[in-house]
Amino acid sequence: MADEEARGVERMEVSPGLPQTPQALAAWWDQQVDFHTTFLHHLALLVPEIYSAEMDPDLEKQEESIQTSIFTPLEWYLFGEDPDICLEKLKHSGAFQLCGKVFKSGETTYSCRDCAIDPTCVLCMDCFQNSVHKNHRYKMHTSTGGGFCDCGDTEAWKTGPFCISHEPGTAATTKENLRCSLNEEVIAQARKMFPSVIKYIVEMTIWEEEKELPSELQIREKNERYYCVLFNDEHHSYDHVIYSLQRALDCELAEAQLHTTAIDKEGRRAVKAGAFAACQEAKEDIKSHSENVSQHPLHVEVLHSDVMAHQKFALRLGSWMNKIMSYSSDFRQIFCQACLREEPGSENPCLISRLMLWDAKLYKGARKILHELIFSSFFMEMEYKKFFAMEFVKYYKQLQKDYISDDHDRSISVTALSVQMFTVPTLARHLIEEQNVISVITETLLEVLPEYLDRNNKFNFQGYSQDKLGRIYAVICDLKYILISKPTVWTERLKMQFLEGFRSFLKILTCMQGMEEIRRQIGQHIEVDPDWEAAIAIQMQLKNILLMFQEWCACDEELLLVAYKECHKAVMRCSTSFMSSSKTVVQLCGHTLETKSYRVSEDLVSIHLPLSRTLAGLHVRLSRLGGIARLHEFVPFEDFQVEALVEFPLRCLVLVAQVVAEMWRRNGLSLISQVFYYQDVKCREEMYDKDIIMLQIGASLMDPNKFLLLILQRYELADAFNKTISTNDQDLIKQYNTLIEEMLQILIYIVGERYVPGVGNVTKEEVTMREIIHLLCIEPMPHSAIAKNLPENENNETGLENVINKVATFKKPGVSGHGVYELKDESLKDFNMYFYHYSKTQHSKAEHMQKKKRKQENKDEALPPPPPPEFCPAFSKVINLLNCDVMMYILRTIFERALDTDSNLWTEGMLQMAFHILALGLLEEKQQLQKAPEEEVTFDFYHKASRLGSSSMNAQNIQMLLEKLKGIPQLEGQKDMITWILQMFDTVKRLREKSCLIISTTSESIRNDEITHDKEKAERKRKAEAARLHRQKIMAQMSALQKNFIETHKLMYDSTSEMSGKEDSIMEEER
Ligand SMILES: [Zn+2]
Ligand SMILES: [Zn+2]
Ligand SMILES: [Zn+2]
């Protein structure tokens, strides 16, 4: 140290009478060989002087001295002429392309819903007012601080990336001015100066010694002046800090309040000055007064006055640098280069990374200035933003871990910058290709989540900390940012790296598949309601990420097939215990199923199945791409195991049914809430909806009778249909009836719900339209209520505005308040009483409303299902559920019970659902007969339903049963529906009989066409025929596929049919 001081003094003597004017000083600096040493020496001399009065500074004087003795000389050094003139010139050359205004907390930001690439792209008020977007659909937000204006970023906007003031080529930014501003000399000076400036800023900011300065800065005798410095934290209340200060410093309330306000704003403040020992004492006092059982003590340090001064000035220098960089793109680039340079031979990261890695240790005020420094340099230059992003990803894991154990808000953490980089489409792609960022994020999650893993390696969030989990959500959010814009171009490398990331993501889903299992509580009520919010919250966070992963996979058939294979493998790995469990046999009307013995009401069950649901999502997308026929190349038939895939989603649906049947009432509110969210608009797309799809996959690939037997078995209803249950236990009867209703409803959904692109031939618009129609069938609603009930995509859009006017008309507000949308009359025909997103209350409200409406218009009260859209080929076999033996048996049993005066194992609701299924069967056959010649239509619902049953009961066919039901006075309300069904039976019958006639007329019309040479018509016919052949071909493929699946599992099917040698009495009925 003594040596250093001596050298310092020496130098002073070498330059006798340091130049007095800034100009002369700058010129003198220029003559020195080493700018860095000279610069530090200058700071060492001046900074401690200027900042000496820390406790009670004269801020104006301080600023003036910094300006004249440091900044102005630096500016002279940089420009070689009067900086005021030079900066004025530069200002008019306006080298901006981006606005880059950094938002303060509470500032209003604007986002264009029509043009923003994603909702994170925002404009400041000035830019918005001067842009085309003010005439578009826009949203206003209140900034939490830290973000910046994206005006000028061509990747952030589909159209109108510039406002008038930032438009290139306008008066403010003419082309010739853009680059002419800086001459070579200035650039050379900047290259000499900036590295020293940034090095000083970084080194002082991360300086850890409390008492010593770096040797270059320690040029004079150290004084005995110290500060006791108090830091802000987010745990102690305002009052607690004031109290601790008053006690420890023995000061007035006003002074303690002053300190506390400053600490809250800036993040740190000197609260006492003096000798080391005195400050040390104050430190211990504050700590002991702020500590109690539940709280750590406040963070206090004793800093030497010189250390404090240099740290303060380093930040002030940062702000000055910000100003300088705002004048020129060249300055920004030189600065960034200096930040990124790695010291030769050093293991240390580059300067900007060192700063990032130090972020979580810094106090608020310092972080803010450093983040602004990053904004005004790296984020204003696209090329350097990329380099910054690469450094950010390089240290991502560490940064996130530091953030998770930090106690400051996300808005002042460097990790919050992720949104600025990950949402830029080209950057995201680059980071995936070059740094595998998806895997980096998922691996970070896998490293921070293990504390929540149970011994089965499944997550369990019992007793979680909300704050900590909230910080982990931020990492999940980054995954969303990376995926928010789908690539339009796929390189081989991008595919490879994306798949790598997808595999890594599957590992997280594996820890979620089957997590937080529950068992039905019998006898006693559960003691403590388990935590459920964390798991559901993660599910909500993941919803759009899961959907985006599926959409990315679906960009390319090959990619999708590989992803399917990986996901299938992961599901099967989670099903091993199921595969090895013991077996049981179910028999009904001559059909037999051997299946695993498992009961939802007795065994463990989980509502969390993201792997199964992702697989269902991939299956649907494969169907949409027409690639199902190639699936066996990736997942061999013998490995497919459709029953295992269906099993877990089915259990989940059965759990819901049993909850409705009040079988789980002893398990408390926690389960009720989970079941609610399972079907709620915030979660259902990746929970409930996907479970229905998985059952549709099962129904499309399994033998329909066996599929229904499996459903009956899991609903624990096989007995209820197999034998006459005679009991007087009203509770038990009620429970059975509820379960049967729930099961019928699910069967209706499996067969009837086709409004998912890939399941049925529908578009996304049609799906949204249907949702809106069903909401408005309940009652007219204001815009906000409709929007609240529609799922939001990753861009927070529901698609509502695009379609609402097609199905509804807006009624202006009356005296009562807000205007509402009313359904158009022509949309009423699309009403489906058993719409799968209706809650129980919505269902009965809608039914009531629609019946009332029909009554007022003197129409009958039948509410048959609307004709559903056609299934996609991959799902076409689902309709076979309708006309299979077991279904006929179920329907007949229900009708017979309704006619049997002794039976109470039926309800009117159950009958209504049975009618709905009948109607679906007849509609299907009618539609098929209208499209194809009679002999080609193998779907024989009419035939099956008209056949006589021979059983212990009266031999009657379904039509006869319906006629009888019509005569029961209590069923008056169903009369119209029965009449509708009977008429439909007639229609289908006539279509079957008249088919010969129809064929002859069509062939005649073809002849007519030929005669009139109506080429257009002929062409249409040809196209229709080609389409029909194509359809037939695909259907044949699908049949082969299904046959293959059945054949591979033939062993299982065969062994069971052998056991069914003893047929029951009803057996011959449906054969
Ligand atoms: Zn702006
Ligand atoms: Zn602008
Ligand atoms: Zn716009």
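Where an unreviewed UniProt entry is consulted, the chain appears under the name E3 ubiquitin-protein ligase, with the organism given as Pipistrellus kuhlii. As recorded by UniProt, the Pathway (unreviewed entry) comment attached to the chain reads in full: "Protein modification; protein ubiquitination." The UniProt entry for the chain carries the following text under Subcellular location (unreviewed entry): "Cytoplasm, Cytosol".

## Notes on the overall build of the chain
The number of helices and strands found in the chain is 45 helices and nine strands. Out of the 1071 residues in the chain, the part that is buried amounts to 54%. Counting contacts in the chain only where the partners sit at least 6 residues apart, residues at least 24 apart contribute 77% of the total. Accessible area for the chain stands at about 47,600 Å²; split by element, carbon and sulfur atoms hold 51% of it.

## Some details on the sheet that holds strand E5 (residues 300-304)
If you trace the three strands from one edge of the open sheet to the other, you get E4-E3-E5, paired in antiparallel fashion. Two strands close off the open sheet at either side, each with one partner strand: strand E4 (268-274) and E5. For this sheet the average axis-to-axis angle between neighbouring strands, irrespective of direction, equals 30°. Both strand E3 (residues 226-231) and E4 contribute to a ladder of six bridges, which runs antiparallel. Note on E4: the bridge partner recorded for Cys 228 is Lys 272. On the sheet, helix H11 (residues 276-290) packs against E3, E4 and E5 and is oriented at approximately 20° with respect to E3.

## Examining the coordination of the zinc ion (ligand 2)
Every protein donor of the zinc ion (ligand 2) is accounted for by Cys 127 (SG), Cys 151 (SG), Cys 163 (SG) and His 166 (ND1), and the metal-donor separations fall at 1.9 to 2.3 Å. Metal-centred angles of 104 to 113° between the four donor atoms at the zinc ion (ligand 2) mark the site as tetrahedral. One chain supplies every donor for the zinc ion (ligand 2), spaced along it as C-x23-C-x11-C-x2-H. Here the zinc ion (ligand 2) and the zinc ion (ligand 1) are spaced 4.2 Å apart, linked through Cys 127, which binds each one. Of this pair, Cys 127 sits in helix H6 (residues 125-129) while Cys 151 sits in the loop between strand E2 (138-142) and helix H7 (175-180), and the two are 24 residues apart along the sequence. Of the two residues, Cys 127 and Cys 151, neither departs from the other in class, the shared state being buried.

## As for the coordination of the zinc ion (ligand 1)
Of the protein atoms, only Cys 99 (SG), Cys 124 (SG), Cys 127 (SG) and Cys 149 (SG) coordinate the zinc ion (ligand 1), at distances of 2.2 to 2.3 Å. One way to put it: the four donor atoms around the zinc ion (ligand 1) meet at angles of 99 to 121°, and that makes the site tetrahedral. Every donor residue of the zinc ion (ligand 1) comes from the same chain, spaced as C-x24-C-x2-C-x21-C.

## A closer look at the pattern of salt bridges
What the rule picks out here adds up to 58 salt bridges. The shortest N-O distance in the salt bridge between Glu 75 and Lys 323 comes to 3.3 Å. With Glu 75 in helix H4 (residues 59-79) and Lys 323 in helix H12 (residues 305-325), this residue pair connects regions lying 248 residues apart in the sequence. Under the relative-accessibility criterion, Glu 75 is labelled buried at 4%. Between Lys 468 and Glu 451 there is a salt bridge; the shortest N-O distance is 2.5 Å.

## Remarks on helix H21 (residues 466-483)
Between the first and last C-alpha of H21 there are 26 Å, a value that for 18 residues agrees with the 26 Å anticipated at 1.5 Å per step. Turning to H21, its buried residues are Leu 469, Arg 471, Ile 472, Tyr 473, Ala 474, Val 475, Ile 476, Asp 478, Leu 479, Tyr 481, Ile 482 and Leu 483. Residues of H21 that are buried in the fold lie against helix H17 (396-405), helix H18 (418-422), helix H19 (425-435), helix H20 (437-448), helix H22 (492-512) and helix H23 (533-553).

## Here we look at the environment of Met 325
Here Met 325 shows up in helix H12. Between the C-alpha atom of Met 325 and that of Phe 335, which follows or precedes it by ten residues, the distance is 8.2 Å. When residues no more than four places from it in sequence are discounted, the contact partners of Met 325 are Phe 331, Arg 332, Phe 335, Leu 373, Ser 376 and Ser 377.

## Brief notes about the packing of helix H2 (residues 22-31) against helix H3 (residues 35-50)
The contact between H2 and H3 brings their axes to 9 Å, and the two run at 140°. Between H2 and H3, the interaxial angle falls into the category oblique. For the crossing formed where H2 meets H3, the hand is right-handed. The segment H2 lies against H3, with Leu 25, Trp 28 and Trp 29 engaging Phe 35, Thr 38 and His 42.

## Digging into the pairing of strand E1 (residues 108-112)
With four of five residues buried, E1 is to be regarded as a mostly interior element. The pairing of E1 with E2 spans five bridges and is classified as antiparallel. Within the sheet, the bridge partner assigned to Thr 108 lies in E2 and is Thr 142.

## A look at the nonpolar core
Of all hydrophobic cores here, the largest spans 304 residues; its most connected members are Tyr 200, Phe 331, Phe 422, Phe 461, Phe 895 and Leu 962. Top contributing element to this core by residue count: helix H29 (residues 642-660), with 13 residues. Those residues in contact with Phe 422, other than ones at most four positions away along the chain, are Phe 392, Val 393, Tyr 396, Ala 428, Leu 431, Val 437, Ile 441, Asp 478, Tyr 481 and Ile 482. Among the nonpolar cores identified, the runner-up in size contains 18 residues, and Val 241, Cys 251, Ala 256 and Leu 298 belong to it.

## Details of the pairing of E5
Judged by how many residues are buried, E5 sits mostly within the fold: five of five residues are covered. Here E5 shows a buried face lined by Val 300, Val 302 and His 304 and a second buried face lined by Glu 301 and Leu 303. Alignment of E3 against E5, held across five bridges, turns out to be antiparallel. By the bridge assignment for E5, Tyr 226 is matched with His 304.

## Observations concerning the packing of aromatic side chains
Going through the model one piece at a time under the given rule, you end up with 46 aromatic pairs. Ring centres 6.0 Å apart and planes at 55° place the aromatic pair Tyr 200 and Phe 313 in the tilted group. Taken together, the residues span a long stretch of sequence, with Tyr 200 in helix H8 (residues 184-205) and Phe 313 in helix H12 at a distance of 113 residues. Ring centres of Phe 502 and Phe 549 lie 5.8 Å apart, and the angle between their planes is 55°; on these two criteria the pair is classed as tilted.

## Some details on the packing of H29 against helix H34 (residues 730-752)
The contact between H29 and H34 brings their axes to 9 Å, and the two run at 140°. H29 and H34 meet at a crossing whose hand is right-handed. On H34, the residues touching Leu 653, Ala 657, Gln 658 and Val 660 of H29 are Thr 738, Leu 739, Glu 742 and Ile 746. In terms of residue class, the contact of H29 with H34 is built from five nonpolar, two polar and one charged.

## Notes on unusual backbone geometry
Despite not being glycine, Asp 250 has its phi angle at roughly 55°, a positive value. You can call Asp 250 exposed: its relative accessible area is 70%. Its identity is not glycine, yet Gln 641 carries a phi of approximately 55°, on the positive side. If you trace the backbone, Gln 641 turns up in the loop between helix H28 (637-640) and H29. Accessibility expressed as a relative area gives 24% for Gln 641, which makes it partly exposed.

## With respect to H2
The complete set of buried residues in H2 reads Leu 25, Ala 26 and Trp 29. Mapping the buried residues of H2 onto a view down its axis gives an arc of 100°, with all of them on the same face. Check the buried side of H2 and you find it contacts H3 and H4.

## Some remarks on a negative patch on the surface
Taken together, the side chains of Asp 56, Asp 58, Glu 60 and Glu 64 make up a negatively charged region of the molecular surface. If you trace the backbone, Asp 58 turns up in the loop between H3 and H4.

## Structural notes on the side chain of Gln 295
Secondary-structure assignment places Gln 295 in the loop between H11 and E5. For Gln 295, the side chain forms a polar contact with the side chain of His 240, separated by 3.3 Å.

## Brief notes about the environment of Met 380
Checked against the element boundaries, Met 380 lands in the loop between helix H15 (364-376) and helix H16 (382-394). Sequence-wise, Met 380 and Asp 153 are 227 residues apart; in three dimensions their C-alpha atoms are separated by 9.2 Å.

## Here's the deal with the side chain of Gln 420
Turning to its location among the elements, Gln 420 is positioned in helix H18. When its relative accessible area of 12% is taken as the criterion, Gln 420 is described as buried. Setting aside its immediate chain neighbours within four residues, Gln 420 contacts Gly 147, Phe 148, Phe 375, Phe 379 and Lys 385.

The rules behind each value
- Throughout, a residue's number is its position along its own chain's written sequence, starting from 1.
- Written order determines the labels here, with chains lettered from A and ligands numbered from 1.
- A pLDDT threshold of at least 70 governs which residues receive local features in this predicted model, and a stricter bar of 80 or more applies before side-chain atom pairs are shown or counted, although totals over entire chains, interfaces and linings include all residues.
- Excluding hydrogens and water, the side-chain figures rest on all heavy atoms present in the structure.
- UniProt positions are given in the numbering used here, feature names are shortened, and annotations may be inferred rather than shown by experiment.
- For the purposes of this entry, the term helix denotes a DSSP run of H or I that reaches at least four residues, the term strand denotes a run of E that reaches at least two, and both are numbered from the N terminus.
- Think of it in three bands: residues with accessible area under 20% of the maximum for their type are buried, residues over 50% are exposed, and the middle band is partly exposed, with areas taken using a 1.4 Å probe on protein chains only.
- The contact rule is simple, with two residues in contact once any of their heavy atoms fall within 4.5 Å.
- Each accessible area is a Shrake-Rupley estimate made with a 1.4 Å probe; only the visible protein chains count as cover when residues are assessed.
- Two strands qualify as a pair provided that DSSP identifies no fewer than 2 bridges between them.
- An axis is simply a line fitted to the C-alpha atoms; with a helix, the fit covers only the stretch in contact. Between two such axes, the angle follows the N-to-C directions and lies from 0 to 180 degrees.
- Ligating atoms shown are N, O and S within 2.8 Å of the metal, or 3.2 Å for Na, K and Ca, and water is not included, meaning a site may look less than complete.
- Any site counts as irregular unless it has four donors with all angles between 85 and 135 degrees, making it tetrahedral, or four or six donors with opposite ones more than 155 degrees apart and the rest between 65 and 115, making it square planar or octahedral.
- We define a salt bridge as a side-chain nitrogen of Lys or Arg found within 4 Å of a carboxyl oxygen belonging to Asp or Glu.
- Helix span, as expected, comes to 1.5 Å for every residue beyond the first.
- Roughly parallel means an angle under 35 degrees; roughly antiparallel means over 145; roughly perpendicular covers 65 to 115; every other angle is labelled oblique.
- For any pair of crossing helices, the crossing counts as left-handed if the nearer helix is rotated counterclockwise from the farther one by less than a right angle, and right-handed if it is rotated clockwise.
- Note on terminology: a nonpolar core comprises buried Ala, Val, Leu, Ile, Met, Phe, Trp, Tyr and Cys residues joined through side-chain atoms within 4.5 Å.
- Stacked, edge-to-face and tilted are the three classes for Phe, Tyr and Trp ring pairs, Trp counted by its six-membered ring, which pair at centre distances within 6.5 Å; planes under 30 degrees apart are stacked, over 60 edge-to-face, the rest tilted.
- Three classes are used, and their members are as follows: Ala, Val, Leu, Ile, Met, Phe, Trp, Tyr, Cys and Pro are nonpolar, Asp, Glu, Lys and Arg are charged, and the others, Gly among them, are polar.
- What the arc describes is the spread of directions from the helix axis to the C-beta atoms.
- Excluding any residue in a salt bridge, patches collect residues exceeding 30% relative accessible area, merging like charges within 9 Å and nonpolar Val, Leu, Ile, Met, Phe, Trp and Tyr side chains within 5 Å.
- In summary, the charge assignment counts Lys and Arg as positive and Asp and Glu as negative, without counting His or the chain termini.
- Charged side chains are reduced to one point each, which is NZ for Lys, CZ for Arg, CG for Asp and CD for Glu.
- Under the rule applied, a polar contact is a pair of N or O atoms within 3.5 Å (in protein, one hydrogen donor and one hydrogen acceptor; residues adjacent in sequence only if both atoms are side-chain atoms).

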